[in-house]
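Listed below, chain by chain, are the residues.
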Amino acid sequence: IVGGAGNMGARIGGEFAMAGQKVTLHDLNIDRLKRTLATLEEEFLEVAQKRAISFEAVKESVARIHITSSLHEAVGDADFVLEAIAENLLAKQEVFGRIGKHCSEHAIVASNSISLSISDIAVRMPRPQRTIGVRFLWPVYLIPEVELCGGQYTSTDTIDSVKSLLLGIGKNPFFKGPGHRLVLNSEQARFRQEAALNERLAKRSRRFQALQEEAE
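Residues numbered from 1 in each chain as written. Predicted model: local features only at pLDDT ≥ 70, side-chain atom pairs only at ≥ 80, totals over all residues. Heavy atoms only, no water.

1. Re helix 2 (residues 30-51)
Turn by turn, an α-helix covers 3.6 residues, leaving residues three or four places apart pointing in a common direction.
Turning to step 1, where the next piece is worked out: Counted at 1.5 Å a residue, the expected span for helix 2 with its 22 residues is 32 Å, and the 30 Å between its end C-alpha atoms agrees.
Turning to step 2, where the next piece is worked out: Every buried residue belonging to helix 2 is among Leu-33, Thr-36, Leu-40, Glu-43, Phe-44, Val-47 and Ala-48, and all of these are buried. Looking straight down helix 2, one finds that the buried residues subtend no more than 150 degrees of arc, so they occupy a single side. Summarising the geometry of helix 2, the exposed residues directed more than 90 degrees from the buried face are Lys-34, Arg-35, Glu-42, Glu-46 and Gln-49.
Turning to step 3, where the next piece is worked out: Residues of helix 2 that are buried in the fold lie against helix 1 (7-18), strand 2 (23-26), helix 3 (55-63) and strand 3 (65-68).
Turning to step 4, where the next piece is worked out: Where helix 2 begins, the side chain of Asn-29 points an oxygen toward the backbone nitrogen of Asp-31, at a separation of 3.0 Å.
Turning to step 5, where the next piece is worked out: Positive backbone phi, at 55 degrees, marks Ala-52, one or two positions downstream of helix 2. (Helix = DSSP H or I, 4+ residues; strand = E, 2+ residues; numbered from the N terminus. Expected span 1.5 Å × (residues − 1). Buried < 20%, exposed > 50% of the residue type's maximum accessible area, 1.4 Å probe, protein only. Arc of directions from axis to C-beta. Contact = heavy atoms within 4.5 Å. Polar contact = N/O pair within 3.5 Å; in protein donor to acceptor, adjacent residues only side chain to side chain.)

Okay, here's the thing in structure tokens:
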């Protein structure tokens, strides 16, 4: 499951779904989740054209995504939980504490935080050896690299399990120690710049279309 249905969390969930994994997106705002699901379906169709994926496969990917505002429902049977909320240490610690109360003993709980230590985030977790930093890069669909960052108590079994999971969805996981900044090569940096530009242009186009509809 992915906790947090913002730009990054939604796309991470979408990447797992397109790779054949069942996904639950959790957010307190159910209306936001419904809008996110509709947006993901549109993006899947765009990605499908680039990856030569059929329309039927897109529908199947969307069907793999379940949305819920209940944390207990979201994490109760999950094998892998990824938190992807805003970069706020106290908020992440609270979310991890709540996840720890509801998830199973075997579940791995990860954070997509770019700047915060997983050791600090997981202070309220009952099983810190099952926690890890898993940092996807934006745009998620275009950049295969994913950084893994262990905490003070992260076990080797946890690292190996997450590596295997990411390789299974076509990602290239690499391990770095805590405190190191993410490093992008020139091609990845170009992808990020192009994606940001395309996103801005798409927003302007939608805004212009909405204004035209209002005028009519």
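2. A look at the sheet that holds strand 2
Turning to step 1, where the next piece is worked out: The eight strands lie next to each other as 3-2-1-4-5-6-7-8, forming an open sheet whose pairing is mixed. Bordering the open sheet on either side are strand 3 and strand 8 (172-175), each of which pairs with just one other strand.
Turning to step 2, where the next piece is worked out: Of the strands in this sheet, strand 2 and strand 3 touch helix 2, which is tilted by about 160 degrees from strand 3.
Turning to step 3, where the next piece is worked out: Against the sheet, helix 7 (residues 156-168) touches strand 4 (80-83), strand 5 (108-111), strand 6 (131-136), strand 7 (145-149) and strand 8, its axis set at about 30 degrees to strand 6. (Pairing = 2+ DSSP bridges. Axes fitted to C-alpha atoms, helices over the stretch in contact; angles between N-to-C directions.)

3. Brief notes about the pattern of salt bridges
Turning to step 1, where the next piece is worked out: According to the stated counting rule, one finds eight salt bridges in the structure shown.
Turning to step 2, where the next piece is worked out: We note a salt bridge from Glu-87 to Lys-92, for which the minimum N-O separation is 3.6 Å.
Turning to step 3, where the next piece is worked out: Three or more residues are tied together by salt bridges with common partners; here these are Glu-83, Glu-87 and Lys-92. (Salt bridge = Lys/Arg side-chain N within 4 Å of Asp/Glu carboxyl O.)

4. Notes on unusual backbone geometry
Turning to step 1, where the next piece is worked out: For the bond from Trp-138 to Pro-139, the omega torsion is 5 degrees, close enough to zero to count as cis.
Turning to step 2, where the next piece is worked out: Assignment of secondary structure puts Pro-139 in the loop between strand 6 and strand 7.

5. Details of the pairing of strand 8
Turning to step 1, where the next piece is worked out: Sheet analysis places strand 7 next to strand 8, joined by four bridges and oriented parallel. By the bridge assignment, Leu-148 is partnered in strand 8 with Phe-175.

6. Side note on the confidence of the model for the protein chain
Turning to step 1, where the next piece is worked out: For the protein chain, mean pLDDT is 86; residues scoring 70 or higher make up 81% of the total.
Turning to step 2, where the next piece is worked out: By mean pLDDT, the top-scoring element of the protein chain is strand 4 (98), and the lowest-scoring one is helix 8 (residues 186-215) (58). (pLDDT = per-residue confidence, 0-100.)

7. Here's the deal with the side chain of Asn-112
Turning to step 1, where the next piece is worked out: Looking at where Asn-112 falls in the secondary structure, it is placed in the loop between strand 5 and helix 6 (118-121).
Turning to step 2, where the next piece is worked out: A distance of 2.8 Å separates the side chain of Asn-112 from the backbone nitrogen of Phe-136, its partner in a polar contact.
Turning to step 3, where the next piece is worked out: Setting aside chain neighbours within four positions, we find Asn-112 in contact with Met-8, Ile-12, Leu-82, Glu-83, Ala-84, Val-134, Arg-135 and Phe-136.

8. Some details on the nonpolar core
Turning to step 1, where the next piece is worked out: Grouped together as the largest cluster of nonpolar side chains are 35 residues, with contacts concentrated most on Val-134, Phe-136 and Leu-166.
Turning to step 2, where the next piece is worked out: In terms of residue count, helix 1 provides more of this core than any other element does, six residues in total. (Core = buried A, V, L, I, M, F, W, Y, C linked by side-chain atoms within 4.5 Å.)

9. Considerations on the packing of helix 1 against helix 2
Turning to step 1, where the next piece is worked out: Helix 2 packs onto helix 1 with a crossing angle of 55 degrees between their chain directions and a minimal axis gap of 11 Å. One element, helix 1, and the other, helix 2, form an angle in the oblique class. In the crossing of helix 1 with helix 2, the sense of the turn from one axis to the other is right-handed. Contacts between helix 1 and helix 2 involve Ala-10, Arg-11, Gly-14, Glu-15 and Met-18 from the first element and Thr-36, Thr-39, Leu-40, Glu-43, Phe-44, Val-47 and Arg-51 from the second. (Parallel < 35°, antiparallel > 145°, perpendicular 65-115°, else oblique. Left-handed = near helix turned anticlockwise from the far one by under 90°.)

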